[in-house]
Amino acid sequence: MQKNLPFFIFSVFSVLSLSLFSCRKQEQNAVLTLVMAEVNPEDTIVGCMDTAFKEKVEELSDGKMKIDLHCSGILGDETQVMKLVMSPNSSIQLVRGPANLSSYSNGYTVKSSLIAIPYTFKDDEHFWKFANSDVAELILNEPYELGLGIKGLFYAEEGFRHYFSRDKISTVADLKDKKMRVSGNVLTALAQSFGSIPVEVNYTDLYASLQMGTTEVAEQPITNYLSNSFYHVAPYMILDGHMLGAVSVMINAQCWDSLSQTQRKILHEAGRYASDYCRKIVSELNEQARKTLKSEGVTFTEVTNNASWQDACSKMRKDAAVVDPVLYQQILDLAK
């Protein structure tokens, strides 16, 4: 799972050459190529969604817009790619990244942080009502309006996120003193609420960290757990559903500003298509992944009542919502 540095450098320089022809005023009938990064494999929910987005963009533009999609973290891990996409003259123009951008904005994107508060979304239907609402559009535009170098295009999801571990976890109390992989402020605060020991680990290094025991517990949607083979080194998963795996597809702001209204419309329309496609496949692919994992010997533990889990992190949830309590209540009200 370790990143091959020479290959990574080669990949970045390869897409850099493509970027010289991207997001600038195009000759009439010239093809606009946008490089897109995805940290997960192509066969995951988000990988399939990215492919649907790519194909729809190329279809709607009659081939005049191309998406050069790179999956499996070939262009770098999430942190590397996000920092690059948010920079001027980026060699990567599009990224499928997190819905919560607070870790990449020094906390300025307060609205997007509300999406990541544990136990915000009651179920998938609640999330999709949000994803297609004016509230979602407001949050997607937040980093662009703040001048942070990136603009959100659309939301999607990977299913609910669950904890998986080297040793069996049956209750929230079993997480106490466990070394838990975290990324960002929300997961760190959540780990602390559960009495776990937060450990910062890059996603591309997580397999090795679990294998060596420097990390004992981590969390992902079921399909990512399968596609990244984490079950080989952490064969226990507790279906706690602490948060929904909300994601977003974003574009470099400088690139966005250079696009014509027609090109922007194509990206938005393709985004709606890809988001709807994700909604159709998410449940099916998660169920397929669960069956496959069971056949591979993974032990699943059901959580029939998550009250104790919610109680354990009630303070951090309350503290996280104070950044914009009115907007957060609007998100919660969409469940009605």
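Data block above holds the structure.
The paragraphs below set out a description of the structure included in this document. Computed from a prediction, not measured in an experiment: that's the story for all the values here. Each residue is numbered by its place in its chain's sequence as written, counting from 1. Local features in this predicted model are restricted to residues whose pLDDT is 70 or higher, and side-chain atom pairs enter the listing and the counts only when it is 80 or higher, whereas totals over whole chains, interfaces and linings include all residues. Computation of side-chain values: all heavy atoms of the structure, hydrogens and water removed.

**A word on the overall build of the protein**
Going by this rule: Numbering of helices and strands runs from the N terminus; a helix is a DSSP stretch of H or I covering at least four residues, while a strand is a stretch of E covering at least two. Residue burial is assigned from relative accessible area. The probe radius is 1.4 Å, only protein chains are included, and a residue is buried under 20% of its type maximum, exposed over 50%, and partly exposed in between. Only heavy atoms enter the contact rule, under which two residues are in contact if any of them lie within 4.5 Å. Method for areas: the Shrake-Rupley scheme with a 1.4 Å probe, in which residue coverage is limited to the protein chains shown.
The helix and strand inventory of the protein stands at 14 helices and 9 strands. Taken along the three principal axes of its C-alpha coordinates, the protein extends 60 × 45 × 35 Å. Evaluated residue by residue, the protein yields a buried proportion of 55% over its 336 residues. A sequence separation of at least 24 residues applies to 76% of the contacts in the protein between residues at least 6 apart. As presented, the protein carries roughly 15,000 Å² of accessible surface, and 50% of it is formed by carbon and sulfur atoms.

**Quick word on the nonpolar core**
Selection criterion: What is meant by a nonpolar core is a set of buried Ala, Val, Leu, Ile, Met, Phe, Trp, Tyr and Cys residues, joined one to another through side-chain atoms within 4.5 Å.
Formed by 50 residues in total, the largest nonpolar core has its most connected members in Leu34, Phe53, Phe127, Phe130, Tyr155 and Leu267. The biggest single contributor to this core is helix H11 (residues 261-295), with 7 residues. In contact with Leu267, not counting residues within four places along its chain, are Leu34, Phe53, Val57, Met65, Ile251, Trp256 and Leu259.

**Re the environment of Val247**
Note on placement: Val247 falls in strand S8 (residues 236-252). With relative accessibility at 2%, the residue Val247 sits in the buried group. For the pair formed by Val247 and Glu200, sequence separation is 47 residues and the distance between their alpha carbons is 20 Å. Sequence-distant contacts of Val247, defined by excluding residues within four places in its chain, comprise Val46, Arg96, Gly97, Pro98, Ala99, Phe154, Tyr155, Ala156, Glu157 and Glu158.

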